[in-house]
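Listed here are the chains, written in short residue letters.
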Amino acid sequence: MAVGFAALAVGGILYGPFTITASPVGTVIGGPLVTAIGPSATLLASGLVTIGVAAAALIIRQARQRREPGARPPSPPSDG
């Protein structure tokens, strides 16, 4: 339990500055969105957008690696 609290504290320290900015923006955008389409649809839309952003990032990363064959990420260290 103490490890969990410590992890949350470290996360709060690392992401604290982003939370200060994100909270008002999320409220401004999220409030009307939830009112317009409802809470379930808002959660569904949020999940779909998250998956879409991840897929776009993966596509962009793969396209960059194809253009620059020598720019591959380093291999993980081998055990041996």
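The structure this text deals with has already been given above.
The rules we used
Residues numbered from 1 in each chain as written. Predicted model: local features only at pLDDT ≥ 70, side-chain atom pairs only at ≥ 80, totals over all residues. Heavy atoms only, no water. Helix = DSSP H or I, 4+ residues; strand = E, 2+ residues; numbered from the N terminus. Buried < 20%, exposed > 50% of the residue type's maximum accessible area, 1.4 Å probe, protein only. Areas by Shrake-Rupley, 256 points an atom, 1.4 Å probe, with all protein chains shown as cover. Patch = residues over 30% accessible without salt bridge, like charges linked within 9 Å, V, L, I, M, F, W, Y side chains within 5 Å. Salt bridge = Lys/Arg side-chain N within 4 Å of Asp/Glu carboxyl O. Contact = heavy atoms within 4.5 Å.

A. The arrangement of the overall build of the chain in detail. A tally of regular secondary structure across the chain gives two helices and zero strands. Within the span of the chain, comprising 80 residues, buried residues form 2% of the whole. For the chain, the exposed area adds up to about 7,000 Å²; of that, 73% sits on carbon and sulfur atoms.

B. Fine view of a nonpolar patch on the surface. Taken together, the side chains of Met-1, Phe-5 and Leu-8 present a nonpolar region at the surface, about 440 Å² in accessible area. Relative accessible area serves as the criterion here: at 80%, Met-1 is assigned to the exposed category.

C. A look at the side chain of Thr-42. Here Thr-42 lies in helix H2 (residues 39-67). Note on Thr-42: relative accessible area 14%, which makes it buried. Filtering out sequence-adjacent residues up to four positions away, Thr-42 remains in contact with Leu-33, Val-34 and Ile-37.

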